[in-house]
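Structural overview
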Amino acid sequence: MTAVKFLQRYLPILEWGRTYNRSVLADDALAALIVTIMLIPQSLAYALLAGLPMEMGLYASILPLVAYALFGTSRALAVGPVAVVSLMTAASVGNMALQGTAEYAFAAMTLAFLSGLILLATGLFRLGFLANFLSHPVIAGFITASGLLIASSQLKHVLGIPASGHTLVEILHSLASNAADTNPVTLVIGLASIVFLFWVRKGLKPLLRRFGLSDGLCDVLAKAGPVLAVAVTTVVTWGFGLDGKGVAIVGAVPQGLPPVTIPSFDLDLWTSLAGSAVLISIIGFVESVSVAQTLAAKKRQRIVPDQELIGLGASNIASSLTGGYPVTGGFARSVVNFDAGAQTPAAGAFTAVGILLAALLLTPLLYFLPKATLAATIIVAVLSLVDFSILRFTWGYSKADFAAVAATILLTLGFGVEVGMSVGVGLSILLFLYRTSRPHIAEVGCVPGTQHFRNINRHKVLTDPAVLTIRVDESLYFANARYLEDYILDRVVGDEGLRHVILMCSAVNEIDSSALESLEAINHRLQDMGIRLHLSEVKGPVMDRLQRTDFLSELSGEVFLSQYHAMTAMSEVCGKSGKQGKKLVDAAD
């Protein structure tokens, strides 16, 4: 690999940057403007959700976007604070220190640094494929439960009452206990903001079109709905002195550039945060890659998952070094970025400039911003994540998936996000092992007048009592090798007329050493029973490995290029009796 290709591999900006021009710049700048308008209130709101100072939400939306622009491969992914990761940050850091303390913020920065290191190492060692072992229904169940937890946790700000808890039961009990202290003014602000934000999503754009505004301007104004809610409620609170009537406000937000911060290197703190950092990395990567792949496909582009890990890792490390907390690619803002016409990751860098200007110039204007408005922004955003249709779908399609999704939702709601996510990851892996440990095995026969072989229980096929053909629809490895061994031996015991067993390997892409030992055991036991074992349709890479062993020389039967050749060599059911099959060792396809 040449130095140029090496740099292009790890710095995608060197590839798309060569074709950057004024037209692309204009598209990226417009997309950045729209995303900036959307991201300012979101950044503040998600910092509130994480239990962190408001400014940390802005800090986490500046340098991380620049880092992703340098190392990321998605042209549309917008990196920054997101709801689920913010909730997980609150759950994990809340065990380390009290909210509002310097230790709490310091632990959040360290969590971002740890998450960044995990993502970066996983990308450099090309371990992104591990995310494929996570069940998407389980992840969807976790996100649905997290959306409910997030929305319920923000009701205290809408009601203007104190409440706490990391589970749905704890939160609802706390809300019920303090409901009598609800602040009516805060409640009006919160409910009005929620209703307005829901209406903006569906009703504002058609209304603006009636006034003859262009689609582009309508989009910008519709996305600016949260900003309008922030501006109006801030002015109302200031003008009527509502902070003196019990309405909780943001207060002073530090103005200026993000600080240079150094995460903690305390071993005890790292040990305490390690598990949470792994879970946040998993969720962040899965969410980001899912969004990035979906948007890339729409423009016939592609992303590189391992490089995405590096990009996200660099973003989290950048966040930890500039006073931020864990970040990842957000679904809503990435879709907005895409729809607004972003052509390259440079749009993210331009967004970072917009957020930086907001941190420098606009923070004094946020003093009278009601926390109820930010809570409304969070509630409206996360309720779009709640999707119980996954339960109906999995119930009808796979009861095992349904059980996993239901368990993930219930455990997340009942015991918190860390327990729910841990169980979800465990269930994903267990489901994979369970399914592959019990592969689909079919006894097949010849479809009359063809050279095709199908399941005898599904099709009218020709079979021979002396020949048993078994098709295995899974690669053979340590978890399922014994299952195949038991299946074959159970099938042949008591069948006195059986003389040949043909193992049809068309779906077998891999045979590990444990499976090879099982095949050797099957061969020897069948041979002791006077039954010959044959293989058919063995794939080239599998044959290459078998040739490096003594298995083929000890095989009692033969290896055939196709199942049809194998059957015609042993039986007359295919209409070609007497024709001998050729043992194939060098000609496997």
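Heads up: the structure comes first, above all this text.
The shown structure was predicted, so the numbers you read here are calculated from the model rather than taken from an experiment. (Residues numbered from 1 in each chain as written. Predicted model: local features only at pLDDT ≥ 70, side-chain atom pairs only at ≥ 80, totals over all residues. Heavy atoms only, no water.)

**Focus: the packing of aromatic side chains**
The description of two aromatic rings rests on the distance between their centres and on the angle between their planes. Note the following rule: Centre distance within 6.5 Å is the pairing criterion for rings of Phe, Tyr and Trp, where only the six-membered ring of Trp is used; planes under 30 degrees apart are then read as stacked, over 60 as edge-to-face, and the remainder as tilted. Per the convention used, a helix needs a DSSP run of H or I reaching at least four residues, while a strand needs a run of E reaching at least two, with both numbered from the N terminus. Whether a residue is buried, partly exposed or exposed follows from its accessible area with a 1.4 Å probe, protein chains only, as a fraction of its type maximum: under 20%, in between, or over 50%, in that order. To sit over a ring, a charge needs its Lys NZ or Arg CZ within 6 Å of the ring centre and within 35 degrees of the ring normal.
Counted under the stated rule, the structure contains nine aromatic pairs. Centroid distance F393 to Y397: 5.6 Å. Interplanar angle 10°. Geometry classified as stacked. Of this pair, F393 and Y397 are both found in helix α19 (residues 389-397), four residues apart, which corresponds to roughly one turn of the helix. This pair shows no difference in class: F393 is exposed, exactly as Y397 is. Aromatic ring contacts, followed pair by pair, group F113, F265 and W270 into a single cluster. It is K399 that lies over the ring of W395; its NZ or CZ is 4.6 Å from the centre.

**With respect to the pattern of salt bridges**
For clarity, the threshold we go by: Salt bridge, as used here, is a side-chain nitrogen of Lys or Arg placed within 4 Å of a carboxyl oxygen of Asp or Glu.
As enumerated under the stated definition, the model contains eight salt bridges in all. Residue D401 is joined to R435 by a salt bridge in which the shortest nitrogen-to-oxygen separation is 2.7 Å. You can see D401 sitting in helix α20 (residues 399-415) and its partner R435 sitting in helix α21 (residues 417-437), a full 34 residues away along the chain. D401 sits in the buried class, given a relative accessible area of 11%. Residue classification places R435 among the partly exposed positions, given a relative accessible area of 38%. Between E485 and R525 there is a salt bridge, and its shortest N-O distance comes to 3.7 Å. Here R525 lies in helix α23 (residues 513-528) and E485 lies in helix α22 (residues 481-492), a separation of 40 residues in the sequence. Here R525 falls in the partly exposed class, since its relative accessible area comes to 41%. Among the charged side chains, a salt-bridge network with shared partners connects E443, R491 and D495.

**Observations concerning the environment of L175**
Going by this rule: Residues count as neighbours in contact if any of their non-hydrogen atoms are within 4.5 Å of one another.
By secondary structure assignment, the location of L175 is in helix α10 (residues 168-178). C-alpha of L175 to C-alpha of S153: the two residues are 22 residues apart in sequence and 9.1 Å apart in space. Once residues lying within four places of it in the same chain are set aside, the contact partners of L175 are S152, L155, K156, L159, I161 and A163.

**Quick word on the pairing of strand β6 (residues 500-504)**
In plain terms, the rule: By definition, two strands form a pair when at least two bridges between them are found by DSSP. For a crossover, the right-handed case is the one in which the path from the first strand over the helix to the second runs clockwise, viewed with the strands pointing away from the viewer.
Of all five residues making up β6, five are buried, and the element is well covered by its neighbours. Of the two faces of β6, the one lined by H500, I502 and M504 and the one lined by V501 and L503 are each fully buried. Bridge analysis of strand β5 (residues 467-472) against β6 gives five bridges, and the strand direction is parallel. Its bridge partner lying in β6, V467 is registered against H500. Once the chain exits β5 it traverses α22 before rejoining the sheet at β6, and the crossover so formed is right-handed. Handedness of the crossover is the feature at issue here: the chain leaves β6, passes through α23, returns alongside strand β7 (residues 532-536), and the resulting connection is right-handed.

**Re the side chain of T261**
This is how it is decided: We call two N or O atoms a polar contact when they sit within 3.5 Å, provided that within protein one can donate a hydrogen and the other can accept it, with sequence-adjacent residues counted only if both atoms are side-chain atoms.
Within the fold, T261 resides in the loop between α13 (225-239) and α14 (267-298). Within the structure, the side chain of T261 is placed 3.0 Å from the backbone nitrogen of G323, a separation counted as a polar contact.

**Structural notes on α20**
To keep things clear, this is the line we draw: Given a helix with a known number of residues, its expected span is that number minus one, times 1.5 Å.
Counted at 1.5 Å a residue, the expected span for α20 with its 17 residues is 24 Å, and the 23 Å between its end C-alpha atoms agrees. Within the sequence span of α20, burial applies to D401, A404, V405, A406, T408, I409, T412 and L413. Where α20 is buried, its residues contact α8 (136-153), α10, α19 and α21. Immediately downstream of α20, the backbone of G416 shows phi near 105°, a positive value.

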